[in-house]
Amino acid sequence: MILKEAEQILNLHSFDNIEDALEQSIFPIKTFLHTAPILHKTFLAKLEKLAIIDEAYQLMGESPSETSKNEALIFIIQSDVLTSQVHYETLISEAQLKISATNKPREIIEICKHLLNTHSSYVEMWKDCQFLISSTVILSKQMDRMSFHEELNNLHIKGIRTLEAIRMNENLLSNEFKVEITRLQKSVS
């Protein structure tokens, strides 16, 4: 990359300083990371874009942004599905807060790598749930997270707390819930 390319990538001619240009360059990516369902392919594309922005930022004479020491987001599957889901949502929220708190592309990249690992582990938990569904799975349409949690909570109240119990009681699951599990499974491919 040459200096002229770096200036174009950061749209530097439209800003008074490089920090404003950097913030404007990464803002749409951060917005996407907060609002879009976690799909490996789309997140990896955003991470590639962040790497290009970081390279341009450094080429403009800025020192490499040090990444702060972020603790890895470790997802541990529990036997109780509701507990696992709450743990997963907590880790996702923590990652999103960390993304919000920084404008350092390298730091966002590291946070997202941990986020993708957390998501992969969570999806792995659901891998053996193969449901018959009556509608098409749309990868970009995520079930409302609270609705998903409420359905798991209702199952928990009925004593259906493990993945095996969920598989055995498929008839109690809403079609929307089954579609969401299928969407999750496809989100890492």
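Residues numbered from 1 in each chain as written. Predicted model: local features only at pLDDT ≥ 70, side-chain atom pairs only at ≥ 80, totals over all residues. Heavy atoms only, no water.

## A word on the overall build of the chain
- Secondary structure summary: the chain contains 8 helices and 0 strands in total.
- When the helices and strands of the chain are listed from N to C terminus, the series reads α-α-α-α-α-α-α-α.
- Its C-alpha atoms give the chain principal-axis dimensions of roughly 60 × 35 × 25 Å.
- Taking all 189 residues of the chain together, 42% fall into the buried category.
- The distance from the centre of the 19 positive side-chain charges to the centre of the 26 negative ones in the chain is 5 Å. (Helix = DSSP H or I, 4+ residues; strand = E, 2+ residues; numbered from the N terminus. Buried < 20%, exposed > 50% of the residue type's maximum accessible area, 1.4 Å probe, protein only. Lys, Arg positive; Asp, Glu negative; His and termini not counted. Charge placed at Lys NZ, Arg CZ, Asp CG, Glu CD.)

## Focus on unusual backbone geometry
- Residue N11 is not a glycine yet carries a positive backbone phi of 55°.
- Structurally, N11 can be placed in the loop between α1 (3-10) and α2 (18-35).

## Quick look at the side chain of Q185
- Mapped onto the fold, Q185 is located in helix α8 (residues 175-186).
- A polar contact of 2.7 Å, which involves the side chain of Q185, links it to the backbone oxygen of C129.
- Discounting chain neighbours no more than four positions away, the residues touching Q185 are V123, W126, K127, C129 and Q130. (Polar contact = N/O pair within 3.5 Å; in protein donor to acceptor, adjacent residues only side chain to side chain. Contact = heavy atoms within 4.5 Å.)

## Let's talk about the layout of surface pockets
- Space inside the largest pocket adds up to approximately 240 Å³.
- Residue lining of the largest pocket: 22 residues in total, with Y88, E89, Q142, R145 and R183 positioned closest to the centre.
- Elements that contribute at least two residues to the lining of the largest pocket include exactly α2, α4 (81-100), α5 (105-125), α6 (145-157) and α8.
- Across the lining of the largest pocket, the residue classes tally to 12 nonpolar, 5 polar and 5 charged. (1 Å grid on protein atoms, 1.4 Å probe; cavity = no way out; pocket = protein on both sides within 12 Å on 5 of 7 lines; lining within 4 Å. Points joined across faces, edges and corners; volume = space filled by probe spheres on them. Nonpolar A, V, L, I, M, F, W, Y, C, P; charged D, E, K, R; others polar.)

## Observations concerning a negative patch on the surface
- On the surface, D16, E19, D20 and E23 cluster together into a patch of negative charge.
- Note that E19 resides in helix α2. (Patch = residues over 30% accessible without salt bridge, like charges linked within 9 Å, V, L, I, M, F, W, Y side chains within 5 Å. Areas by Shrake-Rupley, 256 points an atom, 1.4 Å probe, with all protein chains shown as cover. Salt bridge = Lys/Arg side-chain N within 4 Å of Asp/Glu carboxyl O.)

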